[in-house]
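Remarks on the overall topology
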Amino acid sequence: MNSQTLSSFFLLFNIKLLILLQVLPIGSSNPEEFYKTCGNKFSCGSITNIGYPFRGIYDPLYCGSPGLVLNCRQNEITTIQIINTTYRVLGIYETTQTMRIVREDVMRATCPQDMVNTTLDYSLFDYSGTNTNLTFLYGCPTLTIPGLSLVCNNGYNGVYVLSGTQGPGKCNASVVVPVLVSAGNGAGGSVNSTTLDQVLQQGFEIRWKMDGKDCTDCIESKGRCGFNFATNRTACFCPNQPYISATCSGANGTRSSSGAIFFLF
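Reading the values: the criteria
- Residues numbered from 1 in each chain as written.
- Predicted model: local features only at pLDDT ≥ 70, side-chain atom pairs only at ≥ 80, totals over all residues.
- Heavy atoms only, no water.
- UniProt positions renumbered as here; feature names shortened; annotations may be inferred.
- pLDDT = per-residue confidence, 0-100.
- Contact = heavy atoms within 4.5 Å.
- Buried < 20%, exposed > 50% of the residue type's maximum accessible area, 1.4 Å probe, protein only.
- Helix = DSSP H or I, 4+ residues; strand = E, 2+ residues; numbered from the N terminus.
- Pairing = 2+ DSSP bridges.
- Axes fitted to C-alpha atoms, helices over the stretch in contact; angles between N-to-C directions.
- Lys, Arg positive; Asp, Glu negative; His and termini not counted.
- Salt bridge = Lys/Arg side-chain N within 4 Å of Asp/Glu carboxyl O.
- Polar contact = N/O pair within 3.5 Å; in protein donor to acceptor, adjacent residues only side chain to side chain.
- Disulfide = S-S within 2.5 Å.

As named in an unreviewed UniProt entry, the chain is non-specific serine/threonine protein kinase, taken from Abeliophyllum distichum. Per UniProt, the chain has the following entry under Subcellular location (unreviewed entry): "Membrane".

Scored by pLDDT, the chain has a mean of 82; 79% of the residues are at 70 or more. Scored below 50 in pLDDT, residues 9–27 shows 20 contacts in the model against residues more than four places distant or in partner chains. Taken as a whole, residues 251–265 scores under 50 in pLDDT and shows 37 contacts with residues more than four places along the chain or in a different chain.

A word on the pairing of strand β14 (residues 224–228). Within β14, 4 of the 5 residues are buried, which leaves it mostly tucked inside the rest of the structure. The pairing of β14 with strand β15 (residues 233–237) spans 5 bridges and is antiparallel. Of the residues in β15, the one forming a bridge with R224 is F237.

Okay, unusual backbone geometry next. Each neighbour pair has its own omega, and for Y52 with P53 the value is 15 degrees, a cis peptide bond. With respect to the secondary-structure elements, P53 resides in the loop between β2 (47–50) and β3 (55–56). Omega for the bond connecting Q241 with P242 falls within 30 degrees of zero, at -15 degrees, which places this linkage in the cis form. Structurally, the position occupied by P242 is in the loop between β15 and β16 (244–245). A positive phi angle is found at N49, which is not glycine, with a value near 60 degrees. Structurally, N49 can be placed in strand β2. A relative accessible area of 47% places N49 in the partly exposed class. For Q74, which is not a glycine, the phi torsion comes out positive at approximately 55 degrees. Structurally, Q74 can be placed in the loop between β4 (69–73) and β5 (77–82).

Looking now at the environment of C152. Topologically, C152 is positioned in the loop between β10 (148–150) and β11 (159–163). Sequence-wise, C152 and C111 are 41 residues apart; in three dimensions their C-alpha atoms are separated by 6.0 Å.

Glancing now at the sheet that holds β16. Taken together, the 3 strands give an open sheet; going across it, the order is β14-β15-β16, and neighbouring strands pair in antiparallel fashion. Here the strands that pair on one side only, and so sit at the sheet edges, are β14 and β16. Sitting on the sheet, helix α5 (residues 213–220) touches β14 and β15, and the angle it makes with β15 is about 5 degrees.

Mapping E205 onto the fold places it in strand β13 (residues 204–208). Of the buried charged residues, E205 lacks a salt bridge, with R100 as the closest side chain of opposite charge at 4.9 Å. Here the side chain of E205 touches T130 through a polar contact of 3.5 Å, side chain to side chain. The residues contacting E205, other than those within four sequence positions of it, are Y93, M99, R100, Y127, S128, T130, N131 and L180.

Overall, the coordinates contain 7 disulfides when judged by the stated rule. Each sulfur in the disulfide pair C215 and C225 lies 2.0 Å from the other. The sign of the 105 degrees torsion about the S-S bond sets the C215-C225 disulfide as right-handed. Residue C215 is found in helix α5, and its partner C225 is found in strand β14; the two are separated by 10 residues along the sequence. In this pair, the class of C215 matches that of C225, namely buried. Between the sulfur atoms of C238 and its disulfide mate C248 the distance is 2.2 Å. Taking the sign of the torsion about the S-S bond as the criterion, the disulfide between C238 and C248, at about -100 degrees, is left-handed. In this pair, C238 is assigned in the loop between β15 and β16 and C248 in the loop between β16 and β17 (253–255), connecting sequence segments 10 residues apart.

Put into structure tokens, the structure is as follows:
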């Protein structure tokens, strides 16, 4: 076997290996284990009994969407990471596919400490219609700004907060934070200094976009829902063969001689 043939063989082998790793859910090589290991529900403080498409941070990767990973701190505080920003989860409402979250930095101080706008992964989330925006302006020169003046412990002087979405203008920086309209600062309304902390800490609502029908069909067929990283879709884990399918009562997968499941959907 010459060197060119040998190189082609290893290239083909590596491609087949990568395909196999993509087809199988990450974190296990035994399809029989998927059903057993994805039966947990997430509970932490007031957030209880939350299942797919969410998973706990210590659950197997294939038990939930990679963008819906929940962490529990001190047995009472639930957090989620979205675009490298930590949010505290105040409520998850599975029937409407909405959740209420708040930036972790405004739970520690009135002024946002992380100088980034609130940004979602729009492939997975969208804002609900119950929110409006506040803009924090930092390092503003001495001038009249029609907003609430604040003193913040983050190295900036001349800090103001305004209703709506604003750019920095003549200030050094701006940070946009969504809040609930019902929190008392309706769109276009003024910000009250005595209630600003409360308005911020009530958070805002977002909606996750994953279609819940695949998981509903799976559960109705006595399966457990999981995530297929090859298709970026919901998979159904079954207690018996075939262990991975669209539903457990009407299997759409076939078993290869190697024992791996190759999806037909």
